[in-house]
Amino acid sequence: MTPQLRDAPRNDWAEQQGSVTPLPGVSFNPFSLAGTFIYKTLVATELEIRKLRHDPSQLLTRAVQPALWLLVFGQVFGRLRAIPTGDLSYLEFMTAGILAQSILFMSIFTGLSVIWERDLGILHKLMVSPTPRSALILGKGIAAGIRSLSQAVVVYGLAMVLGVGLSWDPLHLLGVMLAVMVGAGVFSALSLIVACGVRTHERFMGVGQLLTMPLFFASNAIYPIELMPDWLRVLASLNPLTYLVDALRGLMLSVDGSVYPFWLNLSILAIATAVLSAIGGRLYPRLVR
Amino acid sequence: MSILTTQQLTRRFGPFTAVDQLALSVEAGEIFGLLGPNGAGKSTTIKVLTTLLTPTSGRATIGGYDVQRQPTMVQRLIGYVPQALSADSTLSGFENMLLLSKFYDLPRAQRRTRVEEILCYVGLESVSDRLVRTYSGGMIRRLEIAQALLHQPRVLFLDEPTVGLDPVARKAMWELILQLRQERGATIFLTTHFMDEADVLCDRIAIMHQGRVVAQNTPQGLKAGINRPNATLDDVFIHYTGNDLREGISGSETQGGNYRDTSATRRTAQRLG
C-alpha cells in the first residue's frame, strides 16, 4: 500500500471562493519583512555551505595560487627591492594584496556557478519559491566569504612561515574576517551582475578573465598607488579591491600599513555590496528568460 | 471553478511574440496538457504562470491572485518542476528537500516529518541520505516532484516530466501523476512532446502553435474534431500545427530560445540516460 499524505487537501478548491487562506501548517511570513530577508539569506548560505561540505576539494586547489604568488613572486620581488613600500618589507606589503586577490578569485566565479544552476533548473526552482532575489544573491556572497576565510587561513600560514610580522590582536583578526566577508560580497555580487549580462558559460569565462586581471593590476595589491601614472590612480581609487587591500593591510600586519581608516574602507565595501546586490536582484530574472 | 485563467496574455521578446493573446482556463482538480512544437510558446507560458517572467500585456491569475502583481501569493500556491533536472546533485535527497522546505517557510517543528512523509510517498525514503548524483533518472524526477509537493501547492506545473526517462520510469511517473490527482485532488498543468502521454494523462489539452492556442478540448474531443476515422492524437497535432518543414523553420524564430530549449532537452536526456 502506498503511504498517504496526512494533511493532503482533497478537492477543497471548489468550496473556496475568490482568494485563498493559508493552509494550516504553511505559515506566512513568520517574521517581519527584514527578518524574512535575513532568514532567506541564511538559508541560501546554508545551501552553499552544505555543498562545500560534501566536496571541500576546491578549497585546497584554490590555495595553490596565493601560495605561488607569495612563495615565488613575493620572494623574487622582495629581493629586488625595486618597489618602495615604506616601513614594510615587500613581502609584508604584498601579503594583504595576495589575500585580497584570493578573495577576488574565490568570489568572481560565483557568477559561473549561477549560470550552471540556471542550466540545471536549480535557479528556476529557487526563483519560484517565495524568496527575495537579493537574498539569494547575498546568500551566495556570504558563502563566498566563508570560502574566502579558508584562504585567509592559508595566507596567514604561509606568511607566518615566510617570517612576515603578523598581528594576532583578536580585534584585528575580527576586523580581517569582517573585511574578507564584505569583500567577498562585493565581488560575488559583481560577478552575478556580469552573469546576468552574458548568460552563457563561454562568454562568462571570457569576461571573467577580462575582469579579474584589470581589477587586480589596477589596485594597490602588489604595488603602492603612488607609483602609478595619474590615469591608473583614478581607476585604482574607483576599484573596490583597493579598499579591501587597504583594510587588510591595516589589520593583518604588526605595523599598520594602511592609507585610509578602517571604518572608511569597510563602509565603502559595505555600500558597494548593498548597491551591487540590489542591482543584481533586479537583473536576476534575466537569467531564467 | 477555474483555478488558473489567462486573459489576452502576451509576452514579447523584442519584435518576436512568443505568447500571443493567450486565453486559457484550467479547472481545479484537472490534469491540463499544453502541447505544441518547439518554439510554440509553451515554456514562455509556463514561465509567466510561475512568475519567472512578467507578461508584456494581458493577465494571468492563479487562485484569484495576479501572477504579476501578487507573485509571492502565487508562489505559495504553486509547485514547479522545471524541464531541466533541478535537484542539486551535490546534495543528498534529504538535504534537497530540507533546504527547499526552508525556502518555503515551513515551520521548523514540521519540517522533518513533512520531508520524511513526502520522501516516503514517492518511495525514496531508503535512499534519502545518498547524494542525488547517485540516483537514477526516474528517482531524480520523483525527488523533484517530492520537492514541489512540500508546501502543499494547489497547482503543480510539470514541464516535460518524462523527457529522457526509460519506458519503465515513464510509466511509474504517469502512475505518480495520476495518483497525485486522485489522492490529493491536485490540479496539474503539464507540457509534453509525447502524444501517448497526453492521451493517457490529460483531462483536457490545449495545442499551441506560434504563440496561440489553436485547439482546446478533451483528447477524445480533439480526435473527433478533425474528421478522420480512427484519428490519434498525433494526427490531431499534425492537423493543427502542420507537418510542413517550412512551418518548423518559421516556428523557430525565437531568438535562440528554440536552440536553447532543444539543447536543454538534450542535456536533460543525457543526464538521465
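Engineer: Would you mind showing me how to read the overall build of chain B here?
Structural biologist: When helices and strands are tallied, chain B shows eleven helices and ten strands. In chain B, 68% of the contacts between residues at least 6 apart in sequence involve partners at least 24 apart.

Engineer: Would you mind showing me how to read the pairing of strand β4 (residues 57-62) of chain B here?
Structural biologist: One face of the sheet, then the other: side chains in a regular strand alternate in exactly this way. All names here are of chain B. Across five bridges, the pairing between strand β1 (residues 2-13) and β4 is antiparallel. Across the sheet, Thr5 pairs through a bridge with Thr61, a residue of β4. Pairing of β4 with strand β5 (residues 65-66), which is carried by two bridges, proceeds in the antiparallel orientation. Along β5, the bridge assignment pairs Ile62 with Tyr65.

Engineer: Is there a simple way to think about the sheet that holds β1 of chain B in this case?
Structural biologist: Backbone-to-backbone hydrogen bonds join strands into a sheet, with any given pair of strands oriented parallel or antiparallel. Residue and element names in this part refer to chain B. Within the open sheet, the four strands sit side by side as β2-β1-β4-β5. Their pairing is antiparallel. Two strands bound the open sheet, and with one partner strand each, they are β2 (16-27) and β5. Of the strands in this sheet, β1, β2 and β4 are in contact with helix α1 (residues 42-49), which crosses β2 at around 65 degrees.

Engineer: Help me understand the nonpolar core, please; the structure alone is not making it clear to me.
Structural biologist: Looking at soluble globular proteins, one finds that nonpolar side chains tend to be buried together. Formed by 155 residues in total, the largest nonpolar core has its most connected members in Ala100, Leu244 and Leu248 of chain A together with Ile62 and Phe157 of chain B. With 15 residues, the single largest contributor to this core is helix α8 (residues 170-198) of chain A. Not counting residues within four places of it along the chain, the set of residues in contact with Ile62 of chain B comprises Ile3, Leu4, Leu49, Val67, Val74, Leu77, Ile78 and Val155 of chain B.

Engineer: Help me out: how do you make sense of the sheet that holds strand β10 (residues 212-217) of chain B in this one?
Structural biologist: All names here are of chain B. Spatially, six strands are ordered β6-β7-β8-β3-β9-β10 in an open sheet, and the strand pairing comes out mixed. Edge strands, defined here as strands with exactly one partner in the open sheet, are β6 (78-81) and β10. Each adjacent strand pair in this sheet contributes to an overall mean axis angle of 15 degrees, direction not counted. When strand β7 (residues 155-159) meets strand β8 (residues 187-191), the two strands line up parallel, connected through five bridges. When the bridges of β8 are listed, Phe157 appears paired with Phe189. Sheet strands touched by helix α5 (residues 137-149): β6 and β7. Its angle to β6, the strand with the most contacts, is close to 160 degrees.

Engineer: What is the right way to read the confidence of the model for chain B from this model?
Structural biologist: Close inspection of predicted coordinates is inappropriate for parts of the model with low pLDDT. Residue and element names in this part refer to chain B. Averaged over all residues, the pLDDT of chain B is 88; the fraction at 70 or higher stands at 89%. Low confidence marks residues 245-257, where pLDDT is under 50. Its contacts with residues over four positions away, or in another chain, come to 18 contacts. Here the complex is predicted with pTM 0.86, and the ipTM for its interfaces comes to 0.86.

Engineer: Mind showing me how you'd approach the environment of Leu192 of chain A here?
Structural biologist: Residue and element names in this part refer to chain A. Here Leu192 lies in helix α8. According to the C-beta neighbour criterion, Leu192 is buried, with 28 such atoms within 10 Å. Along the sequence, Leu192 and Gln75 sit 117 residues apart, while their C-alpha atoms lie 35 Å from each other.

Engineer: I keep staring at the pairing of β2 of chain B and nothing clicks. Help me out?
Structural biologist: Where β1 of chain B lies against β2 of chain B, eight bridges are found, and the strand directions are antiparallel. Paired with Phe13 of chain B across the two strands is Phe16 of chain B, which belongs to β2 of chain B.

So, how was this worked out
- Residues numbered from 1 in each chain as written.
- Chains lettered and ligands numbered in written order.
- Predicted model: local features only at pLDDT ≥ 70, side-chain atom pairs only at ≥ 80, totals over all residues.
- Helix = DSSP H or I, 4+ residues; strand = E, 2+ residues; numbered from the N terminus.
- Contact = placed C-beta atoms within 7 Å.
- Pairing = 2+ DSSP bridges.
- Axes fitted to C-alpha atoms, helices over the stretch in contact; angles between N-to-C directions.
- Core = buried A, V, L, I, M, F, W, Y, C linked by C-beta atoms within 7 Å.
- Buried ≥ 20, exposed ≤ 12 C-beta atoms within 10 Å, placed from the backbone.
- pLDDT = per-residue confidence, 0-100.

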